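In case you want the letters, here they are:
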Amino acid sequence: MTDPLNPIRQLIQQAQEQDSATGKLLEFVECRKKRLHAAIKLPEQQAAKGLADFVVRYIKHVPDFIDAIRSMAHEAGIDKDVEPLLKIASDYFMSPPSIVDPHSQLEALLDEAYLAHRLLEEVNDRFMAKSGIPLAPMDMTVANVIAHELIGEPFANELDQAVLFSAELLLNEHGFEGANISNYVNAHRERGWTEELEKWPCLVEDLSISVEFDTENSTRH
């Protein structure tokens, strides 16, 4: 059961309350939607609302993912291996790097959520390259592409570089080695991820927004 007093969730709630009074998020996505890559397909009706809903869900999924990974790691006995990763993801919210500019709260939290989601994605990819299975059964590719486009370049690329730096430091210091990690990898190679996927928080399965990577003649607006 997740903790409603989780400080990240408190930040998100405060930001939502602020935005309900100012409407800044809807203004932000209304401006950004005209500049999105042609591969991103928005709903024909209420496109800006769809994007705003995506931003809120994307932000809210960070503490959900942290809780899910922490629970999975505890059950597998790899808490000590995974906790440094989750601490960095949490710190992106609680102590955001100076690269994140203080704009409206939800916009700032979008940047911080992107850092956290991209860090989890990067570590997951590297773990898979090393062991043949992901650290966690998550695929944030589509959601991260949409968030990258909403944040916009070149700033989103700067956030990506910050993530790569954090991932390098993390993996140099905590390499996901040892008997417990080996047992974890072997167990999931044998039985897959059915149990975890049944309770894993999903972000994109019912999104009204899609990304068509093979869209012909896609051009940046």
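So, how was this worked out
- Residues numbered from 1 in each chain as written.
- Predicted model: local features only at pLDDT ≥ 70, side-chain atom pairs only at ≥ 80, totals over all residues.
- Heavy atoms only, no water.
- Phe/Tyr/Trp six-rings, centres within 6.5 Å; stacked < 30°, edge-to-face > 60°.
- Buried < 20%, exposed > 50% of the residue type's maximum accessible area, 1.4 Å probe, protein only.
- Axes fitted to C-alpha atoms, helices over the stretch in contact; angles between N-to-C directions.
- Helix = DSSP H or I, 4+ residues; strand = E, 2+ residues; numbered from the N terminus.
- Parallel < 35°, antiparallel > 145°, perpendicular 65-115°, else oblique.
- Left-handed = near helix turned anticlockwise from the far one by under 90°.
- Contact = heavy atoms within 4.5 Å.
- Nonpolar A, V, L, I, M, F, W, Y, C, P; charged D, E, K, R; others polar.
- Salt bridge = Lys/Arg side-chain N within 4 Å of Asp/Glu carboxyl O.

**Q** Which residues make up the packing of aromatic side chains, and what values do they have?
**A** In this structure the tally under the stated criterion is 3 aromatic pairs. Ring centres of Y184 and W193 lie 6.1 Å apart, and the angle between their planes is 65°; this geometry places the pair in the edge-to-face category. Residue Y184 is classed as buried on the basis of its relative accessible area, which comes to 3%.

**Q** Can you break down the packing of helix α1 (residues 7-22) against helix α3 (residues 47-76) residue by residue, with the values?
**A** In the contact formed by α1 and α3, the axes pass within 10 Å of each other and the chain directions differ by 170°. On the basis of their axis angle, the class for α1 and α3 is roughly antiparallel. The two elements α1 and α3 cross, and the hand of that crossing is left-handed. Where α1 abuts α3, its residues I8, R9, I12 and Q16 lie against V56, I59, K60, P63, D64, I66 and D67. Among the residues forming the contact of α1 with α3, the class breakdown is 6 nonpolar, 1 polar and 4 charged.

**Q** Which residues make up the pattern of salt bridges, and what values do they have?
**A** Evaluation of the coordinates by the stated rule reveals 12 salt bridges. In this structure, the salt-bridge partner of D64 is R9, at a minimum N-O distance of 2.8 Å. Of this pair, D64 sits in helix α3 while R9 sits in helix α1, and the two are 55 residues apart along the sequence. For D64, a relative accessible area of 25% translates into the label partly exposed. One salt bridge in this structure joins E83 and R70, with 2.6 Å as the shortest N-O distance.

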